[in-house]
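Structural characterization, general
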Amino acid sequence: MAVTSEATTLWFGSLLEGTGTTSLDSSDAGEFPVTWAARSEGVAGRTNPEELLGAAHSACYSMALSNALSKAGHAPESLQVTAAVTFVPGEGITGSHLLVSAKIAGMTAEQFQSFADDAKSGCPVSKALAGIPITLEASLA
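Quick look at the structure, then. (Residues numbered from 1 in each chain as written. Predicted model: local features only at pLDDT ≥ 70, side-chain atom pairs only at ≥ 80, totals over all residues. Heavy atoms only, no water.)

So, on to the overall build of the protein chain. Looking only at helices and strands, the protein chain features four helices and six strands. Seen in sequence order, the protein chain has helices and strands lined up from the N terminus as β-β-β-α-α-β-β-α-α-β. Evaluated residue by residue, the protein chain yields a buried proportion of 32% over its 141 residues. Sequence separation of 24 or more characterises 46% of the internal contacts of the protein chain that already satisfy a separation of 6 or more. Carbon together with sulfur atoms contributes 55% to the accessible area of the protein chain, which is approximately 8,300 Å² in total. Between the centroid of the 6 positive side chains of the protein chain and the centroid of its 14 negative side chains there is a distance of 6 Å. (Helix = DSSP H or I, 4+ residues; strand = E, 2+ residues; numbered from the N terminus. Buried < 20%, exposed > 50% of the residue type's maximum accessible area, 1.4 Å probe, protein only. Contact = heavy atoms within 4.5 Å. Areas by Shrake-Rupley, 256 points an atom, 1.4 Å probe, with all protein chains shown as cover. Lys, Arg positive; Asp, Glu negative; His and termini not counted. Charge placed at Lys NZ, Arg CZ, Asp CG, Glu CD.)

Below, the structure written as structure tokens:
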């Protein structure tokens with residue numbers, strides 16, 4: 001069964017002076033203020049498309065890695081995944097860097113790296129981001 005998720009942004013004004021809100025409609029989990037300054041300069045208290053994309057990438061990657069590990073009999077105790085998505089004004093999104101730390105009993109660093117690499121290429125959000133470089137640092141805690 002297909003699931004369609006929705007978010008809505010309401011924007012007021014020009015790009016540079018305007019403001020908006022992005023609402024997570026499907027989950028009703030929240031509404032977040034957005035501005036150009038937050039996107040181009042990093043302003044506290046406001047989000048931006050790249051932070052939201054990072055949230056999607058880190059969540060998707062966590063699920064893909066957990067699934068692959070569990071199927072192989074190595075269910076993780078915990079996974080911490082940060083996705084750092086870089087935006088350059090005038091150029092666009094230039095990359096996503098995944099930083100992964102995992103607690104998994106009975107697994108070598110080399111085995112874990114193999115799972116981590118496979119999840120990077122197999123994660124649906126990674127596939128959607130195929131037009132940008134995706135880098136990975138993965139370690140066992």
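A few words now on the pairing of strand β2 (residues 19–24). Bridge count for strand β1 (residues 7–12) against β2 is six bridges, and the pairing is antiparallel. Bridging across to β2, Thr-9 finds its partner in Thr-22. Linking β1 to β2, which pair antiparallel, is a turn of six residues; within it Gly-13 sits at a positive phi near 95°. (Pairing = 2+ DSSP bridges.)

Here we take up the pattern of salt bridges. By the definition in use, this model includes one salt bridge. A salt bridge links Arg-39 to Glu-50, with the shortest nitrogen-to-oxygen separation between them at 2.7 Å. Of this pair, Arg-39 sits in helix α1 (residues 36–40) while Glu-50 is found in helix α2 (residues 49–71), placing the two residues 11 residues apart along the sequence. By relative accessible area, which is 4% here, Glu-50 ends up buried. (Salt bridge = Lys/Arg side-chain N within 4 Å of Asp/Glu carboxyl O.)

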